[in-house]
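Tertiary structure, described
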Amino acid sequence: MNEISRRDEVSLSGAALRGAPWKAAAVGGGVVTVASFGMGLITGGGDLPWALGLGISLFALIAAIGAVAKPHEGDRVTRQARVWSLKHPWKFALLPAGITAVLDYPVQLVLDHEGVFGSGVQALWHGALVYVIAAILTLTMQGRAKSAR
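Overview of the structure. All residue numbers here refer to positions counted from 1 along the written sequence of the relevant chain. Local features in this predicted model are restricted to residues of pLDDT 70 or higher, and side-chain atom pairs are both shown and tallied only at a pLDDT of 80 or more, whereas totals for entire chains, interfaces and linings draw on every residue. For the side-chain quantities, the full set of heavy atoms in the structure was used; hydrogens and water were omitted.

On to unusual backbone geometry. A positive phi angle, close to 55°, is found at His113, a residue other than glycine. The way it works is that DSSP assigns letters per residue, a run of H or I at least four long becomes a helix, a run of E at least two long becomes a strand, and they are numbered from the N terminus. With respect to the secondary-structure elements, His113 resides in the loop between α6 (94-111) and α7 (115-140). Taking relative accessible area as the criterion, His113 reaches 68% and is therefore assigned exposed. Note on classification: 1.4 Å probe, protein chains only; a residue is buried when its accessible area is under 20% of the maximum for its type, exposed when over 50%, partly exposed between these limits.

Below, the structure is given as structure tokens:
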């Protein structure tokens, strides 16, 4: 009877993300966006929606991995949420993936002019990539959950 609801899983993921390195994530995402767009301009095809989507994805990945990288830091609730996240990487990765899709959708809709459906597909695709990458990276850090006890 250790089943928890989807709502509780999202709450645990959010609690784990509470101590994420948000400044580092914003700087990392911003630098990658500027570099990607700049390289595109130099090579003759600067694609702003693609660069912004890449930056948003990296922002969510840095925040997610940074949040669970140090499960022994923070208050008791945050530590427990981080340990839960390390034990359930596929469930934890749903929140960073959702953040990516939600932030990326208006970028795709306004700047890429793909329409409501096309923008949704692009945003979901970026969210799916973040989901897989965040879950795999969190999975590789599961040993930290054992050392945090």
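A pocket here means an open set of points on a 1 Å grid, computed over the protein atoms alone, that has protein on both sides within 12 Å along at least five of seven lines. A cavity is instead a set of points where a 1.4 Å probe fits but cannot get out; residues with an atom within 4 Å of a point line either one. Grid points are joined across faces, edges and corners, and a volume is the space filled by probe spheres set on the points. Estimated volume of the largest pocket: approximately 250 Å³. Broken down by secondary-structure element, the contributors of at least two residues to the lining of the largest pocket are α3 (48-69) and α7. Classes in brief: Ala, Val, Leu, Ile, Met, Phe, Trp, Tyr, Cys and Pro nonpolar; Asp, Glu, Lys and Arg charged; the others, Gly included, polar. A per-class count over the lining of the largest pocket returns 9 nonpolar, 5 polar and 3 charged.

The grouping of Leu48, Leu109, Val110, Leu111 and Val116 at the surface amounts to a nonpolar patch, some 400 Å² of accessible area in total. Counting residues per element, the nonpolar patch draws most heavily on α6, which supplies 3 residues. By the secondary structure assignment, Val110 is in helix α6. What makes Val110 exposed here is its relative accessible area of 53%. Nonpolar side chains (Val, Leu, Ile, Met, Phe, Trp, Tyr) are joined into patches within 5 Å and like charges within 9 Å, using only residues with over 30% relative accessible area and no salt bridge. Each accessible area is a Shrake-Rupley result for a 1.4 Å probe, and residues are judged covered by the shown protein chains and nothing else. Any Lys or Arg side-chain nitrogen located within 4 Å of an Asp or Glu carboxyl oxygen qualifies as a salt bridge.

The next thing to look at is the packing of α6 against α7. Look at α6 against α7: their axes get within 7 Å of each other, and the N-to-C directions meet at 150°. In terms of axis orientation, α6 runs roughly antiparallel to α7. α6 and α7 meet at a crossing whose hand is right-handed. Mapping the contact onto sequence places Leu94, Pro96, Ala97, Thr100, Ala101, Asp104, Tyr105, Gln108 and Leu109 in α6 and Gly115, Val116, Ser119, Gly120, Gln122, Ala123, Leu124, His126, Gly127, Val130 and Tyr131 in α7. Within the contact of α6 with α7, the residues separate by chemical class into 11 nonpolar, 8 polar and 1 charged. To define axes, lines are fitted to C-alpha atoms, for helices over the stretch in contact only, and angles between the resulting N-to-C directions are given on a 0 to 180 degree scale. Here the angle decides the label: under 35 degrees means roughly parallel, over 145 means roughly antiparallel, 65 to 115 means roughly perpendicular, and every other value means oblique. Handedness of a crossing is defined here by the sense of rotation of the near helix relative to the far one, left-handed for an anticlockwise turn of less than a right angle and right-handed for a clockwise turn. Contact definition: two residues touch when any of their heavy atoms are within 4.5 Å.

What follows is about the pattern of salt bridges. All told, the structure shown has 3 salt bridges when counted by the stated rule. Lys91 is the partner of Glu9 in a salt bridge, and the nearest nitrogen-oxygen pair spans 3.2 Å. Linking Glu9 in helix α1 (residues 6-17) with Lys91 in helix α5 (residues 89-92), this pair joins segments that are 82 residues apart in sequence. A residue is classified by how much of its surface remains accessible, and Glu9, at 7% relative accessible area, is buried. Of the residues examined, Lys91 reaches a relative accessible area of 35% and is grouped as partly exposed. Between Asp75 and Arg18 there is a salt bridge, with its nearest N and O atoms 3.2 Å apart.

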